[in-house]
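Listed below are the residues making up each chain.
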Amino acid sequence: MNRAYLDKLFTVVLAGVLAGLALAAAALPAALVFGLGVKDLMPYTVLPEALKTPQPAQRSNLYANDGRTLITSFYVEDRVDVPVGEVAPVMRDAIVAAEDVRFYEHHGVDVRGVARAFTANRREGTRQGASTLTMQYVRNALAGDPRLTEEQRAAATEITVGRKIREMRYALTLERQIGKDEILGRYLNIAYFGAGAYGIAAASKRYFSTTPERLTLAQAALLAGLVRSPADDPINGDADAARQRRAYVLDRMVETGRVSAADAEAAKATELALKPNTTPNDCAAVPADHNDWGFFCDWFTQWWNAQPAFGENVDERQRTLRRGGWKIVSSLDPDVQAKASEQVREIYPETIARAAPTAVVQPGTGRVLAMAVNRTYGTTANPDGQQNYPNTVNQLVAGGGGITGYQAGSTFKLFALLAALESGLPLDTEFDAPRVYVTQYPVGAGPASCGGRWCPANANTYWMDGDRDMWDAFGRSVNTYFAWLTERVGADRVVEMAQRLGIVFRAPADARMAREGAKSWGPFTLGVSATTPLDLAGAYAAVAAEGTWCRPTPVTSITDPGGRTVPAGNTDCRQVLDTEVARAAADASRCPVGDQSMYRRCDGGTAEELAPGLRRPVAGKTGSSERNATETVVAFTPQLSVATIAANPDDPRDAVGGGVQKRQIAAVGRILAWSLRDEPVRDFVPPGQAVAFQHTSPRTGN
């Protein structure tokens, strides 16, 4: 047995014995103190996961799609880890001087410190704990491990002899397995510096708006002094006490030879020169000049709460978000968002009850580039009688949280069109559309009831009645043509098509009808079900992407603190339509917005002014609900899909009127033009002759 081993063994045993004596003398019976055996004082053979692979709570950051623009952060502890090599040497020296001057000399337990504490406790009746920096790290790491329950974390900080001895044994083991600098780095990342700042990176930012590698001697000494007394932080606490702690640390640094007396005196004379900087927390803390980002952020949290990868329930998923240290690069494009917000306020100002929620979605990925509405995101009280304006946090764009959506009118004719094409009917399927068409579908009393049967009428007899095919029936939005078409293919197939393209039935009555009465739900074709701009933009984006529907997503990538990308951030796309069916639907969708189909069959549209101003191939549809209670415009190119709905979210009886649709068309056109200004002009792929002109068997090839 060599000398080095004997020395280490002696250190271990003596440290354990003295620690037990020091802590137990004041509070425990002598029998317990002297009952400690050598076995109880030896290092552990295995470390817990909290010490082997530490996972201290860290803030998660949500960025815009450039990966640099911070939208907000989520945290219970404002902390982000940095490698010890990125911490200024003067900061490392300061924390050692302040907390454990013999850090580089002991093996995790300071025998001299334990003996000193034992003597002081016996003589003075004080409670010196003799914790080394390594032991402090062990305690903090166990108490802050997000994998533990609250009870387990509390046990890690209980004031008992057993806990102290456990810390010592873990400290001795830890120092045998990793280097001093690594332990120091872990300690700096986990320590609390007051003012809500956990870890040296957060503290550097919180107090001085800087980074750990740029800390000066005076700044480092101040921060090191706060670890022992975080309540004395100079932002919220006692600046004089903080100065005294700084002076103490500087004196200790002089004693250890880390700085000269002259440098220390100069640092003591330095003003605190604080530059406080707070880290935003949650969606209400988005930058004030980008308040409109709040609605996107709010939807991101909805999305996160629905991801099984982050926990078994919403509470677990929120804990994962706020403790996990994720870097989340969102899909939000600040440039597109700014233009969408500007244009939404051209439709309606934020000071009126009517709203124009708008969503911008990327076909082929489902990434949501913008979510805009003429509201201020926040919980500030509104004037009497104004429920949700100008301020609200209700999810008016994506739905959820009590928002079921709005009727989108004739935009739902797309689902009947797709169902018919999929069944084998071609685009040139003709029908002599009458002014009123009596269907087989039963309905209650009302203006569209003829003897208990649903009988929709065309809004403009002169312009809509007569011999129509899918091109001009879709372009002119001929109600009776699509009522007839729905009868041919089956209302249940139209409902199923909408669900396949991401339409969610959030209203209980709609969900029940889709589940139990879809076969008789003829009026569904005319958009009587509630939906949202986000669902609608996503559905039309599937047509733009030649039949590939992608679940709308607010993220581009998610990486953990180790830089590993997690699959939950990937897109979720699937081919839900035969490619030829999607191409045919896109071809017909060019008619409503003033573009021309590949077969030159467009003959009139409800939004003909849109295409000329855009000067690139475009498709889309407009919709009006009964009595113009809501108005909807959807437009898409191969690269982008935009949907906006004008409605009163608080009072469905407040009809917005048909006049607003002109402003909606102009706004959607400007959003598309601005967002695509640097993108190449792409055309839609023309559908084949068969899907355009021939009856076939069902088209479900892919």
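These figures come from a predicted structure and were not determined experimentally.

Colleague: Help me out: how do you make sense of the sheet that holds strand E2 (residues 70-74) in this one?
Modeller: Whenever strands of a sheet pair, they do so through backbone hydrogen bonds, lying parallel or antiparallel. If you trace the 4 strands from one edge of the open sheet to the other, you get E2-E1-E3-E15, paired in mixed fashion. Among the strands making up the open sheet, the edge pair consists of E2 and strand E15 (555-559). On average, adjacent strands in this sheet sit at an angle of 15 degrees to one another, irrespective of strand direction.

Colleague: Whenever I open this one, the pattern of salt bridges confuses me. Can you help?
Modeller: Pairing between side chains of opposite charge can happen when the charged atoms of each approach one another. Enumeration according to the criterion identifies 37 salt bridges in this entry. Three or more residues joined by partner-sharing salt bridges are found here, namely Arg102, Glu105 and Asp110.

Colleague: Help me understand the state of the cysteines in this model?
Modeller: Following the criterion strictly, the structure yields 4 disulfides and no others. There is a disulfide in this structure between cysteine 283 and cysteine 297, and the S-S distance comes to 2.1 Å. Disulfide cysteine 283-cysteine 297: torsion about the S-S bond near -80 degrees, hence left-handed. Of this pair, cysteine 283 sits in the loop between helix H13 (261-268) and helix H14 (293-305) while cysteine 297 sits in helix H14, and the two are 14 residues apart along the sequence. For cysteine 297, a relative accessible area of 0% gives the class buried. Through a disulfide, cysteine 591 is tied to cysteine 602; the S-S separation comes to 2.1 Å. Between cysteine 591 and cysteine 602, the disulfide has an S-S torsion of -80 degrees and is therefore left-handed. One end of the pair, cysteine 591, is in the loop between helix H24 (579-589) and helix H25 (610-614); the other, cysteine 602, is in the loop between H24 and H25, with 11 residues separating them in the sequence. Note on accessibility: cysteine 591 and cysteine 602 belong to one class, buried.

Colleague: How should I be thinking about the nonpolar core in this particular structure?
Modeller: It is characteristic of soluble globular proteins that their nonpolar side chains tend to be buried jointly. Counting residues in each nonpolar core, the largest one holds 105 residues, and the members touching the most others are Phe415 and Tyr481. With 9 residues, helix H23 (residues 533-544) is the single largest residue contributor to this core. Residues contacting tyrosine 481, with those up to four places away along its chain left out, are Thr429, Glu430, Phe431, Ala433, Arg468, Asp469, Met470 and Ala473. Among the nonpolar cores identified, the runner-up in size contains 59 residues, and Leu51, Leu172, Phe193 and Leu272 belong to it.

Colleague: Would you mind showing me how to read the layout of surface pockets here?
Modeller: A probe matching the size of a water molecule, rolled over the atoms, marks out where space remains unfilled. What the largest pocket holds in volume is close to 1,300 Å³. Contributing to the lining of the largest pocket are 49 residues, with Gln407, Ser624, Ser625, Glu626 and Arg627 lying nearest its centre. Only strand E8 (406-407) and strand E17 (619-624) provide two or more residues apiece to the lining of the largest pocket. At 3 residues, the largest contribution of residues to the lining of the largest pocket is made by E17. Taken together, the residues that form the lining of the largest pocket break down as 21 nonpolar, 21 polar and 7 charged.

Colleague: Is there a simple way to explain the environment of alanine 381 in this structure?
Modeller: Secondary-structure assignment places alanine 381 in the loop between strand E6 (376-377) and strand E7 (391-392). Judged by relative accessible area, alanine 381 falls into the exposed class, the value being 65%. Separated by 273 residues in sequence, alanine 381 and aspartate 654 have C-alpha atoms that sit 23 Å apart.

Colleague: Is there a simple way to think about the sheet that holds strand E19 (residues 641-646) in this case?
Modeller: Overall, antiparallel pairing links the 5 strands, which are arranged E5-E4-E19-E18-E17 in an open sheet. The open sheet terminates on both sides in strands that have one partner only, identified here as strand E5 (368-372) and E17. Adjacent strand axes in the sheet meet at a mean angle of 5 degrees when their direction is disregarded. Here 6 bridges tie strand E18 (residues 631-636) to E19, and the two strands are oriented antiparallel to one another. Of the residues in E19, the one forming a bridge with valine 633 is threonine 644.

Colleague: Looking at this structure, I do not really get the packing of helix H17 (residues 413-423) against helix H21 (residues 491-500). What am I missing?
Modeller: Geometry of a packed helix pair, given as the angle between the helix axes and the separation of the axes. H21 packs onto H17 with a crossing angle of 105 degrees between their chain directions and a minimal axis gap of 8 Å. Here H17 is positioned roughly perpendicular relative to H21, judged by the angle of their axes. Note on element contacts: H21 touches H17 through Arg493, Val494, Met497, Ala498 and Arg500, opposite Phe415, Ala416, Leu418, Ala419, Glu422 and Ser423.

Colleague: Help me understand the pairing of strand E4 (residues 358-361) in this model?
Modeller: Consecutive side chains along a regular strand alternate between the two faces of the sheet. Residues Thr358 and Val360 line one face of E4 and the alternating positions Ala359 and Val361 line the opposite face, and both faces are buried. Bridge analysis of E4 against E5 gives 4 bridges, and the strand direction is antiparallel. Note on E5: the bridge partner recorded for valine 360 is alanine 370. Hairpin connection between E4 and E5: a loop of 6 residues separates the two successive antiparallel strands, and glycine 364 in this loop has a positive phi of roughly 90 degrees. When E4 meets E19, the two strands line up antiparallel, connected through 4 bridges. When the bridges of E19 are listed, valine 361 appears paired with serine 641.

Colleague: I keep staring at the packing of aromatic side chains and nothing clicks. Help me out?
Modeller: To describe a pair of aromatic rings, you give the distance between the ring centres and the angle between the ring planes. Counted by the stated rule, this structure contains 28 aromatic pairs. Ring geometry for phenylalanine 296 versus tryptophan 299: centroids 6.3 Å apart, planes at 70 degrees, classification edge-to-face. Here the residue phenylalanine 296 and the residue tryptophan 299 both occupy positions in helix H14, the gap between them amounting to 3 residues, near one helical turn. Judged by relative accessible area, which is 0%, phenylalanine 296 ranks as buried. Where phenylalanine 505 meets phenylalanine 524, the ring centres are 5.9 Å apart and the plane angle is 70 degrees; that geometry is what we call edge-to-face. With phenylalanine 505 in the loop between H21 and helix H22 (508-516) and phenylalanine 524 in the loop between H22 and strand E13 (530-531), the pair connects residues that are 19 residues apart, well separated along the chain. Just as phenylalanine 505 is buried, phenylalanine 524 falls in that class too. In this structure an aromatic cluster arises from ring pairing among Phe74, Phe300, Trp303, Trp304, Phe310 and Trp326.

Colleague: I would appreciate a short explanation of the packing of helix H11 (residues 217-228) against helix H12 (residues 239-255) in the present structure.
Modeller: Contact pair H11 / H12: the axes reach a minimum separation of 8 Å and the direction vectors enclose 110 degrees. With respect to each other, H11 and H12 are oriented roughly perpendicular. Residues Leu217, Ala218, Ala221, Leu222, Ala224, Gly225, Leu226 and Arg228 of H11 touch H12, and the partners they reach there are Ala242, Arg245, Arg246, Val249, Leu250 and Met253. In terms of residue class, the contact of H11 with H12 is made up of 10 nonpolar, 1 polar and 3 charged.

Colleague: Got a minute to help me understand the environment of alanine 588 in this structure?
Modeller: Summarising the element assignment, alanine 588 is placed in helix H24. Alanine 588 gets classed as buried once you look at its relative accessible area, which sits at 0%. Sequence separation of alanine 588 and glutamate 316 is 272 residues, and the distance between their C-alpha atoms is 47 Å. In this structure, alanine 588 is in contact with Leu417, Leu427, Met470, Trp471 and Phe474, ignoring residues within four places of it in sequence.

Colleague: Looking at this structure, I do not really get the confidence of the model for the protein chain. What am I missing?
Modeller: For residues with low pLDDT, the predicted coordinates do not support detailed interpretation. Taken over all residues, the pLDDT of the protein chain has a mean of 90, while the share at 70 or more is 90%. Low pLDDT, under 50, characterises residues 3-7; the stretch is placed with 1 contact to residues that sit more than four places away or in other chains. Below pLDDT 50 for its whole length, residues 14-36 participates in 35 contacts with residues either more than four positions away or in separate chains.

Colleague: Please explain helix H26 (residues 660-675) as it appears in this structure.
Modeller: An α-helical segment advances 3.6 residues per turn. Residues three or four places apart therefore align on the same side. Helix length check: H26, at 16 residues, gives a terminal C-alpha distance of 23 Å against a target of 22 Å (1.5 Å per residue), a fit within 8%. Residues of H26 that are buried: Val660, Gln661, Gln664, Ile665, Ala667, Val668, Gly669, Ile671, Leu672 and Ser675. For H26, the elements touching its buried residues are helix H16 (334-347), E4, H25, E17, E18 and E19.

Quick notes on the rules
- Residues numbered from 1 in each chain as written.
- Predicted model: local features only at pLDDT ≥ 70, side-chain atom pairs only at ≥ 80, totals over all residues.
- Heavy atoms only, no water.
- Pairing = 2+ DSSP bridges.
- Helix = DSSP H or I, 4+ residues; strand = E, 2+ residues; numbered from the N terminus.
- Axes fitted to C-alpha atoms, helices over the stretch in contact; angles between N-to-C directions.
- Salt bridge = Lys/Arg side-chain N within 4 Å of Asp/Glu carboxyl O.
- Disulfide = S-S within 2.5 Å.
- Buried < 20%, exposed > 50% of the residue type's maximum accessible area, 1.4 Å probe, protein only.
- Core = buried A, V, L, I, M, F, W, Y, C linked by side-chain atoms within 4.5 Å.
- Contact = heavy atoms within 4.5 Å.
- 1 Å grid on protein atoms, 1.4 Å probe; cavity = no way out; pocket = protein on both sides within 12 Å on 5 of 7 lines; lining within 4 Å.
- Points joined across faces, edges and corners; volume = space filled by probe spheres on them.
- Nonpolar A, V, L, I, M, F, W, Y, C, P; charged D, E, K, R; others polar.
- Parallel < 35°, antiparallel > 145°, perpendicular 65-115°, else oblique.
- Phe/Tyr/Trp six-rings, centres within 6.5 Å; stacked < 30°, edge-to-face > 60°.
- pLDDT = per-residue confidence, 0-100.
- Expected span 1.5 Å × (residues − 1).

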